[in-house]
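A closer look at the structure
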Amino acid sequence: MSYRTLDARVWATNCLTDGELFYAFDADNYLEDEDKAYDAMKRANSGEPLPADRFPREMYITSQYEEIKQVPDFFKGGGFWVISGRFAEVLRRFELGQTSLHPVKLFHHDRKTPFEGEYFVLAFGETKDTFVPEESPEADTVFMRKDVWQAKRANNKDSLAFDKSVLNGVDLWMETKIMHSFFMSDRLVEALKAEKLTKPLKPYRCRIVSNLH
């Protein structure tokens, strides 16, 4: 099958595996019911929409010996992805579909001293199935599977290709055939860049292709 590259683009990020974005928080829902919280983490991190009561309302710094004065605009805490109010304000301008933002309060270890500012759990709820593996030779299959891929850890510019149908629908999503990444429309990335919010994401450009037949 032959393809041509279109004059369009979407963006990917591998930040979901960036250990520098992992912060040790305890989430209140985990403290209440570990199994139920872990199930919510797993489902949300794979793009499955869940009701609001499955997400934490408060998070607390785990260790009394760890001083965290501030957190980035996008980070993982208590097993969930958390964004700042500034980041949330940008996302709300775009089509999110079933992806949702749930308010969460961040506290220091004493569970009384709050972090300044607003924070939200980013609950991924949208997936697309548009990846074109034959046009993405640098992507690797995962765990001996032939139908799931992951991007390289670095130098990914234009290494992933997607069918033109990826341009339809929501501006933030996961791909059913790609692990450990999420994807954004060009217009969303431009808006995040304008607010200087892309640093933790390290987004890289992806190709859009169209079948010639």
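Quick caveat, the model's predicted, so the values are computed rather than measured.

For the coordinates displayed, the defined rule picks out 14 aromatic pairs. Between the aromatic rings of Phe 55 and Phe 80, the centroid separation amounts to 5.8 Å while the plane-to-plane angle is 65°, which identifies the pairing as edge-to-face. Of this pair, Phe 55 sits in the loop between α2 (34-44) and β4 (58-61) while Phe 80 is found in strand β6 (residues 80-84), placing the two residues 25 residues apart along the sequence. Look at Phe 124 and Phe 182: their rings are 5.0 Å apart centre to centre, the planes differ by 45°, and that puts the pair in the tilted class. In this pair, Phe 124 sits in the loop between β9 (119-123) and β10 (127-128) while Phe 182 sits in strand β15 (residues 182-185), placing the two residues 58 residues apart along the sequence. Overall, the relative accessible area of 2% leaves Phe 124 in the buried class. By relative accessible area, which is 1% here, Phe 182 ends up buried.

Time to look at the nonpolar core. If you look at the biggest cluster of nonpolar residues, it comprises 27 residues, and the most contacted ones within it are Phe 74, Ile 83 and Phe 182. Secondary structure elements with two or more residues in this core: β6, α3 (85-91), β9, β14 (172-175), β15 and α4 (186-194). What Ile 83 contacts, discounting residues up to four positions off in sequence, is Asp 73, Phe 74, Ala 88, Leu 91, Leu 101, Glu 118, Tyr 119, Phe 120 and Leu 122. If you look at the next biggest cluster of nonpolar residues, it comprises 21 residues, including Phe 25, Ala 40, Phe 55 and Val 104.

Here we come to the sheet that holds strand β1 (residues 3-13). Taken in spatial order, the six strands line up as β10-β14-β15-β1-β16-β13 in an open sheet, and their pairing is mixed. At either margin of the open sheet sits one strand with a lone partner, and together these are β10 and β13 (161-163). Alignment of β10 against β14, held across two bridges, turns out to be parallel. Within the sheet, the bridge partner assigned to Thr 127 lies in β14 and is Met 174. Against the sheet, α4 touches β1, β14 and β15, its axis set at about 85° to β15.

Below, the discussion takes up α2. Within α2, the full set of buried residues consists of Ala 37, Ala 40, Met 41 and Ala 44. All buried residues of α2 fall inside an arc of 100° around its axis, so they share one side. Counted as exposed and oriented over 90 degrees from the buried face of α2: Asp 35, Tyr 38 and Lys 42.

It is worth spelling out the environment of Ala 191 at this point. Positionally, Ala 191 belongs in helix α4. Residues Ala 191 and Glu 48, spaced 143 residues apart in sequence, show a C-alpha to C-alpha distance of 25 Å.

Regular strands show a simple pattern: their side chains alternate between the two faces of the sheet. A two-sided burial pattern is seen for β15, the buried positions comprising Phe 182 and Met 184 on one face and Phe 183 and Ser 185 on the other. Across four bridges, the pairing between β1 and β15 is antiparallel. When the bridges of β15 are listed, Val 10 appears paired with Ser 185. Here β14 folds back onto β15, and the loop between the two strands holds six residues, one of which, His 180, carries a positive phi near 65°.

With that settled, the discussion passes to the state of the cysteines. For the coordinates displayed, the defined rule picks out zero disulfides. Here Cys 15 stays unpaired: no disulfide links it, and the sulfur of Cys 206, its closest cysteine neighbor, is 13 Å away. Classification of Cys 15 by relative accessible area gives buried; the value is 2%.

What counts, and where the lines are drawn
- Residues numbered from 1 in each chain as written.
- Predicted model: local features only at pLDDT ≥ 70, side-chain atom pairs only at ≥ 80, totals over all residues.
- Heavy atoms only, no water.
- Phe/Tyr/Trp six-rings, centres within 6.5 Å; stacked < 30°, edge-to-face > 60°.
- Helix = DSSP H or I, 4+ residues; strand = E, 2+ residues; numbered from the N terminus.
- Buried < 20%, exposed > 50% of the residue type's maximum accessible area, 1.4 Å probe, protein only.
- Core = buried A, V, L, I, M, F, W, Y, C linked by side-chain atoms within 4.5 Å.
- Contact = heavy atoms within 4.5 Å.
- Pairing = 2+ DSSP bridges.
- Axes fitted to C-alpha atoms, helices over the stretch in contact; angles between N-to-C directions.
- Arc of directions from axis to C-beta.
- Disulfide = S-S within 2.5 Å.

None of the figures reported here should be taken as evidence of function without further support.
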